[in-house]
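# Structural features, examined
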Amino acid sequence: MEKERYIVILEDQQKNSLKKVENELEVTITSSEFLSSENRSYEVIDNENGVLYKNLGILVVENMDEEQLKSAVKNESNPIVYFEKEREFFSADELSIINELKKQSAEIAGKITELEKYIINKPLPQKPLVEMEWGLKALGLGNSLYTGKGVDICILDTGLELSHPDFSGREIEGKSFISGEDWNRDPNGHGTHCAGVAAGNIRLDNGKRYGIAKDANLKIAKVLSDAGKGTTSSVIDAIDWAITKKFRILSLSLASAVKLNDAPSLLFETVGARALENNCLIVAAAGNDSSRPSVPKPVSSPANAVSIMSVGAIDGQMKVAKFSNAGLNPTTGGCVNICAPGVDIISSYPKNSKNKSSDYYAMSGTSMAAPHVSGLTALFMEQFPEKSAKEIWEIIETKAKPIEGLKYRDIGSGLIQA
Amino acid sequence: MKTYLAVLKQDINIKNLEAKLKKKNIKPAAHYKIIGVVKLESEKPVSPKDFQDYFLSIEEDKDNLTI
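Residues numbered from 1 in each chain as written. Chains lettered and ligands numbered in written order. Predicted model: local features only at pLDDT ≥ 70, side-chain atom pairs only at ≥ 80, totals over all residues.

The next thing to look at is the domain arrangement of chain A. Segmenting chain A into domains produces domain 1 (5-85), domain 2 (90-122) and domain 3 (134-411). Taking only C-alpha atoms, the centre of domain 1 of chain A and the centre of domain 3 of chain A are 99 Å apart. (Domains from an automatic or database assignment.)

Right under this line is the structure:
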């Protein structure tokens, strides 16, 4: 059994008082003057013996009835005036350890409270406010807060159907480089589709988002005829116009097939380099000449120029699109730099013979992949306004996600990511 | 009449080039200063050898770009 000692303070040490205490507590009191190195207090004190420290007027007793002591204190005729349980004292070092532990536990308690508060107040995972087309989801567009605001993005294509409800209210600048055909009409539909992917917004019929940089300044250069064909000189003419106007992104969903080991055109090499020097990035479709898996074809012109970003296409299962060209001419250039969604892409489209009732239409091609990159480039240019076009190119490739099982020659640095 | 696109060398004398083009009956159709390219029109084929002091490259305009 554990010993419990009590410190008892006596009012006086007269003989009769001590006798009274001895009787009441049923102990024999030994005066401290009889203690010695051979007769220490802890050897004396037990259930039947207490020690009186005469100079202090304190009696130390063991295993007392606490209720009895309390009533003795209350009784004014009793010489016991106060009692308390013996306390244990630690050395200074032990105390400092305990104090340190108390301090640390207080800090941990504080952190636990903070964590608890965070967990309780943490917002529930938000569902995206709008549903997105698969291509935009694949880019992780829900992670971006940017909309391309203030960035000039130019689509060099078959023009734009300006009467389309998604564009009719927007301020759009354009120029036609095709004789007798206006930039603001697009009977072909290809240009309107590409413009929609890069800089459209949400579908009016179901609210689904299909465009990437909805607040970018959309610019249109009609370089392909309504039949979908164009000349090198029209494209050069348009690029010169766009760079002179200081547009930051030129999106070229057009291509001319090349043969294996064909060197890229020095004309487009130079034009791409001059564009970069003027803080402008040219993005081009890698071309659709392949019949995969058996017959991949080399990246087309002008995407095969080293100074132009070449974009391959993937489908919704993260496979290379069967038509998407490959980096088969690595010694002369002609690599795929990046890939983007390019199969079953829904975007804005004029009503025509192919699309009689809807304002939207699904298309496939590296032509659809390129404006995904152009749109995302606008977001990065808004996010990093101090970065040059060349640095933005680097960011795009650095952030791109490799796709398991797919080769560099087919998808370059990987799937672009917001 | 055929159209050609030529990439200009740096620091050439444009006046001298214009004179040479005139001599060869080649019409300068456009000078894209910012990208350093000229567009030329000629009835006869333009020989790169004749302009190696002025052009890095010259190619005939093609109507082969498609969607």
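Our next topic: the pairing of strand 1 (residues 5-10) of chain A. Residue and element names in this part refer to chain A. Bridging between strand 1 and strand 4 (residues 58-62) involves 5 bridges; their strand directions are antiparallel. Of the residues in strand 4, the one forming a bridge with Val8 is Leu59. Pairing geometry for strand 1 and strand 5 (residues 80-85), over 5 bridges, is antiparallel. Looking at strand 5, one finds that Leu10 is bridged to Ile80. (Pairing = 2+ DSSP bridges. Helix = DSSP H or I, 4+ residues; strand = E, 2+ residues; numbered from the N terminus.)

Tallying the contact residues gives 19 residues for chain B and 27 residues for chain A. Listing elements by their share of the side of chain B that touches chain A, those giving two or more residues are strand 1 (2-8), strand 3 (37-42), strand 4 (55-60) and strand 5 (65-66) of chain B. When its residues are assigned to classes, the side of chain B that touches chain A shows 9 nonpolar, 5 polar and 5 charged. (Contact = placed C-beta atoms within 7 Å. Nonpolar A, V, L, I, M, F, W, Y, C, P; charged D, E, K, R; others polar.)

Moving on, we come to the sheet that holds strand 2 (residues 28-31) of chain A. Residue and element names in this part refer to chain A. The strand order across the open sheet built from 5 strands is 2-3-4-1-5, with neighbouring strands paired in mixed fashion. Two strands close off the open sheet at either side, each with one partner strand: strand 2 and strand 5. Across the sheet, the mean angle separating the axes of adjacent strands is 25° when strand polarity is ignored. Sheet topology places strand 3 (residues 49-53) next to strand 4; 3 bridges connect them, and they run antiparallel. In the strand pairing of strand 4, Leu52 is matched with Leu59. With respect to the sheet, helix 1 (residues 15-25) is in contact with strand 1, strand 2, strand 4 and strand 5, its orientation differing from that of strand 2 by roughly 135°. Sitting on the sheet, helix 3 (residues 66-74) is in contact with strand 1 and strand 5, with an inclination near 150° to strand 5. (Axes fitted to C-alpha atoms, helices over the stretch in contact; angles between N-to-C directions.)

By size, the foremost hydrophobic cluster in this structure holds 108 residues, and its most contacted members are Leu250 and Val311 of chain A together with Ala6 and Val37 of chain B. Broken down by element, the residue count for this core peaks at 9 residues, all from helix 9 (residues 366-383) of chain A. Beyond its immediate stretch of four places on either side in the chain, Ala6 of chain B contacts Val37, Val38, Leu40, Phe51, Phe55, Ser57 and Ile58 of chain B. Core analysis: the next-biggest nonpolar cluster, separate from the first, contains 15 residues, Val8, Ile45, Val51 and Ile80 of chain A among them. (Core = buried A, V, L, I, M, F, W, Y, C linked by C-beta atoms within 7 Å. Buried ≥ 20, exposed ≤ 12 C-beta atoms within 10 Å, placed from the backbone.)

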